[in-house]
Amino acid sequence: MSTDFSSIDRLVEFGMGLAVAKQMISTMNTVMNNTQVAGVNAGTTGQTGAVSAPYTSEKWYVAIDNRQAGPLTPAEVEHLVANGTIHDNTLIWRAGMTGWQMACNIPEINKLFLLNKI
């Protein structure tokens, strides 16, 4: 087997190998981003997940009527869910999250929706 990269055949093989490797990496990244793990990026499709800390006294920010509301306590968020102000597609954020997420994709908030259906 020749390791001489001066021939065009070897350069083509090398380039094809790089292309295959790049495709494999892309496929693996897609699979990893779409993998659902309970409590982390639950229900998202390729979004960087809402890294969830336990539902504590953290301050939440909510987009209501295209305006940011907050900081809100967990009790205030719970009240807004109960009275229907916060819906499953309402955008919510708090410190520690990589970006605004739909409420249904945040396990602590989704739990409130489920509890209010009783």
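Right, let's walk through the structure included here.

So, how was this worked out
- Residues numbered from 1 in each chain as written.
- Predicted model: local features only at pLDDT ≥ 70, side-chain atom pairs only at ≥ 80, totals over all residues.
- Heavy atoms only, no water.
- Helix = DSSP H or I, 4+ residues; strand = E, 2+ residues; numbered from the N terminus.
- Buried < 20%, exposed > 50% of the residue type's maximum accessible area, 1.4 Å probe, protein only.
- Contact = heavy atoms within 4.5 Å.
- Areas by Shrake-Rupley, 256 points an atom, 1.4 Å probe, with all protein chains shown as cover.
- Pairing = 2+ DSSP bridges.
- Axes fitted to C-alpha atoms, helices over the stretch in contact; angles between N-to-C directions.
- Salt bridge = Lys/Arg side-chain N within 4 Å of Asp/Glu carboxyl O.
- Arc of directions from axis to C-beta.
- Core = buried A, V, L, I, M, F, W, Y, C linked by side-chain atoms within 4.5 Å.

### Description of the overall build of the chain
- A count of helices and strands for the chain gives three helices and four strands.
- Going residue by residue from the N terminus, the α and β elements of the chain occur as α-β-β-α-β-β-α.
- In the chain, which comprises 118 residues, the proportion classed as buried is 22%.
- Partitioning the contacts of the chain with sequence separation of at least 6, the portion at a separation of at least 24 is 46%.
- Put simply, the chain shows about 8100 Å² of open surface, and 61% of that area lies on carbon and sulfur atoms.

### So, the sheet that holds strand β4 (residues 101–102)
- Read across the sheet, four strands follow the order β2-β1-β3-β4 without closing on themselves; strand pairing throughout is antiparallel. Each having just a single partner strand, β2 (67–72) and β4 make up the two edges of the open sheet.
- Running over the sheet, helix α2 (residues 74–82) touches β1 (60–64) and β2 and is turned about 135 degrees from β2.

### Observations regarding the pattern of salt bridges
- In the structure shown here, the tally under the stated rule is one salt bridge.
- As a salt-bridge pair, Arg94 and Glu108 come within 3.5 Å of each other at their nearest N and O atoms. Within this pair, whereas Arg94 is found in strand β3 (residues 91–94), its partner Glu108 is found in helix α3 (residues 107–116), the two being separated by 14 residues in sequence. Across this residue pair, the class does not change: Arg94 and Glu108 are buried.

### Regarding α3
- Every buried residue of α3 is listed here: Glu108, Ile109, Leu112 and Phe113. One face of α3 carries all of its buried residues, which in axial projection span an arc of 150 degrees. Those residues of α3 that are exposed and aimed more than 90 degrees away from the buried face are Lys111 and Leu114.
- The elements touched by buried residues of α3 are β1, α2 and β3.

### Observations regarding the nonpolar core
- In terms of nonpolar packing, the biggest core is built from 15 residues, with Trp60, Val77, Val81, Ile86, Ile92 and Ile109 touching the most fellow members.
- When contributions to this core are tallied by element, the ones reaching two or more residues are β1, α2 and α3.

### Describing α2
- All of the buried residues in α2 are Pro74, Val77, Leu80 and Val81. Buried residues of α2 fall within an arc of 120 degrees about the axis and therefore sit on the same side. Exposed residues pointing more than 90 degrees away from the buried face of α2 are listed as Ala75, His79 and Ala82.
- Looking one or two places after α2, you find Gly84, whose phi comes out positive at around 85 degrees.

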